[in-house]
Every structure is written in C-alpha cells, then in structure tokens.
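What follows is each chain in one-letter form.
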Amino acid sequence: MNIYPYNMYFLYATCVFLICYLTIFLLKMMSFQKLIKTTNARVQIIKAKVDHLQYVSNAINEQKKVKKKIQNQLIKILLPIAVSIILTYRQDDDLKGFRGYMTAGKREFARRGNSEIFKRIFTQ
C-alpha cells in the first residue's frame, strides 16, 4: 500500500497532536506546581506547630521529672516519720483512735522538732 501523497498530512497531524498534548501537559504541570507551593506552605505551618508542641511536651516532661524527684525525696524523708508515729501509737496503750494518732504525731514532731531534716523540709 502506497500512501505517499498523504505522508506529510500524517506528519502534520502528529505534530498538531503532539503540540496539543504538550500544551495540556504543561497546563497540568503548572497547576501541580501551584498545588505543591500551597502544600509546602501548609507543611511549614504544621512543622511550626509540631515544634511548638514538642517544646511544650519536653517542658511538661521536665516538670514531671522534677516533681517525681521531689516526691521520691519526700517519701524517703517522711516514711520513717510515719513509721515512728505508728510505733509510738502502738507502744502507748493510752492512745486510741484517730486522736491517738494525732497525739503520737505531735509527740514525734516535738521530739524531732530540732532536727535538720525538719528544718530542711519546712523551709523549702
């Protein structure tokens, strides 16, 4: 089959098709580029918020660590005092009920009142 007289028409048609295709492709790419720019701006905003939240989270964690450390120190200091109050309550037969525990506590605090530990606890 000889299509010699129509060879140039096929070439022109393919060129026109190619130009149309490239034009549509470039238009789609330009809209995609705009979408990327707006997405990058949104990502930057999200990153800033995430950084702020990480900073706040780290600050809260540090406060929790300090609080936990203080609680551990108070437990180490106050546990022997509580044990001594209970032992005082058990050793004295006159002490009964909650008021007995209060009296035992007053006695222990009076006995340990001059202690350095108490001065440190109540002056902080």
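Everything that follows concerns the structure shown earlier in this document.
This section reports on the structure supplied with the text.

What counts, and where the lines are drawn
Sequence positions are assigned chain by chain, starting from 1 and proceeding in written order. In keeping with the model being predicted, local features are shown solely for residues with a pLDDT of at least 70 and side-chain atom pairs are shown and tallied solely at 80 or more, while totals for entire chains, interfaces and linings include all residues. Hydrogens and water are ignored here; the side-chain numbers use all heavy atoms of the structure. Patch definition: residues above 30% relative accessible area lacking any salt bridge, with like charges linked at up to 9 Å and the nonpolar side chains Val, Leu, Ile, Met, Phe, Trp and Tyr linked at up to 5 Å. To be clear on the numbers: accessible area is Shrake-Rupley with a 1.4 Å probe, and residue cover counts the displayed protein chains and nothing else. Whenever a carboxyl oxygen of Asp or Glu lies within 4 Å of a side-chain nitrogen of Lys or Arg, that contact is scored as a salt bridge. Numbered from the N terminus, helices here are DSSP runs of H or I no shorter than four residues, and strands are runs of E no shorter than two. The nonpolar core is taken to be a set of buried Ala, Val, Leu, Ile, Met, Phe, Trp, Tyr and Cys residues, with the residues joined through side-chain atoms within 4.5 Å. In this scheme, a residue with accessible area under 20% of its type's maximum is buried, one over 50% is exposed, and one in between is partly exposed, where area comes from a 1.4 Å probe on protein chains only. Contact between two residues is taken to exist if any of their heavy atoms lie within 4.5 Å; hydrogens are not considered. Each residue after the first adds 1.5 Å to the expected span of a helix. Think of it this way: the bend at a residue is just the angle between two axes, each fitted to seven residues, one set ending at that residue and the other starting at it.

### Quick word on a nonpolar patch on the surface
A contiguous nonpolar patch, built from F17, L18, Y21, L22, F25, L26, M29, F32, L35 and I36 and spanning about 1000 Å² of accessible area, is present on the exposed surface. Note that I36 resides in helix α1 (residues 7-91).

### Looking at the nonpolar core
Considering soluble globular proteins, one finds that nonpolar side chains tend to be buried as a cluster. Counting 5 residues, the largest nonpolar core consists of I81, I85, Y89, L95 and A104. Sorting elements by how many residues they give to this core places α1 first, with 3 residues. Not counting residues within four places of it along the chain, the set of residues in contact with Y89 comprises L95, K96, G97, G100, Y101 and A104.

### Quick look at the pattern of salt bridges
Applying the stated rule across the entire model yields 1 salt bridge. Close ionic contact of E62 with K65 constitutes a salt bridge, the shortest N to O distance being 4.0 Å. Residue E62 and its partner K65 are located together in helix α1, separated by 3 residues, close to a single helical turn. Assessed through its relative accessible area of 56%, K65 is described here as exposed.

### Things to note about α1
With 85 residues, α1 should cover 126 Å at 1.5 Å per step; its first-to-last C-alpha distance of 118 Å lies within 8% of that length. The sharpest bend along α1 measures roughly 30° and falls at L78, with the proline P80 sitting one to four residues further on. Regarding α1, the residues found buried are I81, S84, I85, T88 and Y89.

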